[in-house]
Amino acid sequence: MAMLSQYDRQQLELISSRLHIEDPEFAKSFRDWKPRPEQRIRRWPFAVLMVLSALVLLAGILVGAFSFIFLGTLAGAGVVFAYRRHAHRSPRPRRRR
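Conventions adopted
Position numbers for residues start from 1 in each chain and track the written sequence from start to end. Residues qualify for local features only when their pLDDT is at least 70, as the model is predicted, and side-chain atom pairs are given and counted only at 80 or more; totals for whole chains, interfaces and linings, by contrast, use all residues. For side-chain calculations, the full set of non-hydrogen atoms in the structure is used, while hydrogens and water are omitted. In this text, helices come from DSSP runs of H or I with a minimum length of four residues, and strands from runs of E with a minimum of two, each type numbered from the N-terminal end. We call a residue buried when its accessible area falls under 20% of the maximum for its residue type, exposed when it is over 50%, and partly exposed in between, using a 1.4 Å probe and counting protein chains only. Whether two residues are in contact is decided by their heavy atoms: any pair within 4.5 Å suffices. To measure how exposed things are, a 1.4 Å probe is used in the Shrake-Rupley method; for residues, cover is taken only from the protein chains shown. Polar contact is the term for a pair of N or O atoms within 3.5 Å; when the atoms are in protein, one must be able to donate a hydrogen and the other to accept it, and sequence-neighboring residues count only if both atoms are side-chain atoms. Note on aromatic contacts: the rings of Phe and Tyr and the six-membered ring of Trp form a pair at centre separations within 6.5 Å, being stacked when their planes are under 30 degrees apart, edge-to-face when over 60 apart, and tilted otherwise.

Some remarks on the overall build of the protein chain
Here is step 1: When you go through the protein chain residue by residue, the secondary structure sums to 4 helices and 0 strands.
Here is step 2: Its helices and strands taken in sequence order, the protein chain reads α-α-α-α from the N to the C terminus.
Here is step 3: Within the span of the protein chain, comprising 97 residues, buried residues form 10% of the whole.
Here is step 4: Sequence-distant contacts, at least 24 apart, represent 40% of the contacts inside the protein chain between residues at least 6 apart.
Here is step 5: Just so you have it, the protein chain exposes about 9,200 Å², and 64% of that area is on carbon and sulfur atoms.

Structure follows, in C-alpha cells:
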C-alpha cells in the first residue's frame, strides 16, 4: 500500500470531519463497520391517498361539482409528485451482476 502525501492526508481528514458534522450516524457506521439498515420505500400511504383522491374525483364527476373534480385532480397530482420525490430520495437497492 502506497503512503499518502501530506496533502492527501489533510484532504481525508477534512472529508472525515465534514462527514462527522453533517451525518454523525453515517460516520459512526463506517467507524463500527456496521452500515445503516436500508430504508424501504413505503408505498401504502401513497396508495391510500391516491385512492381517496380518485374517490373525490369520482364523486365530483357523479355529482357534477367542479370543486370536487378540481380538488380530486389536484390531490392526485400532489400524491404523484410526492411519491416521485420520495422514491427519488430513497436509496436504491444494489443490483448484483
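That was the structure; now back to the text.
Concerning the side chain of Ser-53
Here is step 1: Mapped onto the fold, Ser-53 is located in helix α3 (residues 44-63).
Here is step 2: Classification of Ser-53 as buried rests on a relative accessible area of 6%.
Here is step 3: A polar atom in the side chain of Ser-53 sits 2.9 Å from the backbone oxygen of Met-50.
Here is step 4: In contact with Ser-53, other than residues within four places in its own chain, are Gly-72, Ala-75 and Gly-76.

Quick notes on the environment of Ala-54
Here is step 1: If you trace the backbone, Ala-54 turns up in helix α3.
Here is step 2: For Ala-54, a relative accessible area of 41% puts it in the partly exposed group.
Here is step 3: Counting along the chain gives 17 residues from Ala-54 to Leu-71, while the straight-line C-alpha distance between them is 9.9 Å.

Notes on the packing of aromatic side chains
Here is step 1: Under the criterion given, the structure shown has 2 aromatic pairs.
Here is step 2: Taking 5.3 Å as the distance between ring centres and 75 degrees as the angle between the ring planes, the aromatic pair formed by Phe-46 and Tyr-83 counts as edge-to-face. Linking Phe-46 in helix α3 with Tyr-83 in helix α4 (residues 66-89), this pair joins segments that are 37 residues apart in sequence.
Here is step 3: Ring plane angle 25 degrees and centroid distance 6.3 Å describe the contact between Phe-66 and Phe-70, whose orientation is recorded as stacked. In this pair, Phe-66 and Phe-70 are both assigned in helix α4, 4 residues apart and thus about one turn of the helix distant.

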